[in-house]
Amino acid sequence: MKIIISKEVGFCFGVKRAIRLVEDNIKKMEKPVMMYGDLIHNKEVVEKICRLGIKVIHDPDKAQKGTLIITAHGISPVLKKRLEKRINLTLFDTTCCMVLAVHRAAERLKKKGKKVLIFGDLKHQEVIGIKGAAGRGARTFSSKEKLLKIKDKGRYGMVVQTTQDLEKMKEIEKIDKKIEIINTICRSTRDRQREIKRVAREADTVLVIGSKTSANTNRLFQVALRINKNTFFIENEKQLKKEWLKGVIGIGAGASTPELTVNKIIKKINEKKNQKN
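Summary of the structure given here. (Residues numbered from 1 in each chain as written. Predicted model: local features only at pLDDT ≥ 70, side-chain atom pairs only at ≥ 80, totals over all residues. Heavy atoms only, no water.)

Brief notes about the state of the cysteines
Note the cut-off: Criterion for a disulfide: a pair of cysteine sulfur atoms at a distance within 2.5 Å. In this scheme, a residue with accessible area under 20% of its type's maximum is buried, one over 50% is exposed, and one in between is partly exposed, where area comes from a 1.4 Å probe on protein chains only.
For the structure on display, the rule yields zero disulfides. For Cys12, which is in no disulfide, the shortest distance to another cysteine sulfur is to Cys96 and amounts to 6.1 Å. The exposure class assigned to Cys12 is buried, which follows from its relative accessible area of 17%. In this structure Cys50 is not part of a disulfide, and its nearest cysteine sulfur, from Cys12, lies 19 Å away.

Okay, structure coming up:
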């Protein structure tokens, strides 16, 4: 049994930054401290952050005083302006710079008189924020089939959720050259998807590690599964199955998966390997 590991594991820049900002500034924040949604899509990390004295809320109207943390996924600029007007509330913004770049791209298209299309997951926190930046008339779609149903495509410009599937994006780009497309898939996503493809080709079994709520991890799983049918999605070492542990085992992980979680899984695999020997 042999293990090969993606070169792209551990937190991405945006996740590292969000966690560091919160941990470094929590003591200075006005109480109560609330967080609008999960800081990142990893249950273990969110629970650890909340132990610092932070309450997760899903309704911004519940934040009337104290500090409200905006997560790495960002929020609609319209909502942000509304929250900034609350006299007793301080916003602490950890929005990833890559997400803000999508907001700016959507705003540029809007200023050019384009209606904005967003290729992304309709209910994802990041996409909801992008739609707010894109303004009235913005439309979100999640598949090639749904884009084909949109008429008069020349009126539109397009931006993309930062964690979208690169292969699906290539298919989207071929549909209609009249659409002005700004491909805003972030570098970390591109690198991770490229690496998981390599791992999937070289391994007998692929383990993609991360939270089920993580968009980028789900994408990695789908990318690997297209190449290697023996691809499995796991969140921790307790979910390892004995029948997977043979031949070459490939490992990849989402941008919000702690390196510690990956190391625990590798340790468990090596323990099983040594038991066989």
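Let's talk about the pattern of salt bridges
Our working rule: The salt bridge definition used is simple: a Lys or Arg side-chain nitrogen within 4 Å of an Asp or Glu carboxyl oxygen. Numbered from the N terminus, helices here are DSSP runs of H or I no shorter than four residues, and strands are runs of E no shorter than two.
Tallying each qualifying case throughout the model produces 14 salt bridges. Residue Arg226 pairs with Asp165 through a salt bridge whose shortest N-O separation is 3.0 Å. Linking Arg226 in helix α9 (residues 215–227) with Asp165 in the loop between β8 (156–160) and α7 (166–175), this pair joins segments that are 61 residues apart in sequence. For Arg226, a relative accessible area of 41% translates into the label partly exposed. A relative accessible area of 1% means that Asp165 is categorised as buried. Salt-bridge contacts for Arg198 lead to Glu195; the nearest nitrogen and oxygen are separated by 2.8 Å.

As for the packing of helix α8 (residues 187–202) against α9
Our working definition: Whenever a helix is involved, its axis is fitted only over the stretch in contact; in every case the axis is a line through C-alpha atoms, and angles between N-to-C directions fall within 0 to 180 degrees. Here a crossing is called left-handed whenever its near helix is offset anticlockwise from the far helix by less than a right angle, and right-handed whenever the offset is clockwise. We call two residues in contact when some of their heavy atoms are within 4.5 Å. Throughout this entry, Asp, Glu, Lys and Arg are counted as charged residues, while Ala, Val, Leu, Ile, Met, Phe, Trp, Tyr, Cys and Pro are counted as nonpolar. The remaining residues, Gly among them, count as polar.
Between α8 and α9, the least distance of the axes is 9 Å, while the angle of their chain directions is 35 degrees. Crossing angle aside, the handedness with which α8 passes α9 is right-handed. Taking contact as the criterion, the partners of Arg192, Gln193, Ile196, Lys197, Ala200 and Arg201 in α8 are, on α9, Arg219, Leu220, Val223, Ala224 and Ile227. Here the residues of the contact of α8 with α9 sort into six nonpolar, one polar and four charged.

Digging into the environment of Ser76
As for its placement among the helices and strands, Ser76 is situated in the loop between β4 (66–70) and α3 (77–84). Once the C-alpha coordinates of Ser76 and Glu126 are considered, the two residues, 50 residues apart in sequence, prove to be 8.9 Å apart.

Thoughts on the sheet that holds strand β5 (residues 89–93)
For sheets, the rule is that strands pair by backbone hydrogen bonds, running either parallel or antiparallel. Definition in use: Here, any two strands with at least 2 DSSP bridges between them count as paired.
Pairing is parallel across the open sheet formed by four strands, whose spatial order is β3-β2-β4-β5. Strands at the two margins of the open sheet, each flanked by one partner only, are β3 (54–57) and β5. In this sheet, adjacent strand axes meet at a mean angle of 30 degrees when their direction is disregarded. Bridge count for strand β2 (residues 33–36) against β4 is four bridges, and the pairing is parallel. If you follow Met35 over to β4, its bridge partner there is Ile69. Its contacts with the sheet put helix α1 (residues 13–25) on β3, β4 and β5, and the angle it makes with β5 is roughly 140 degrees.

Scope: geometric values only; no functional claims are made or implied.
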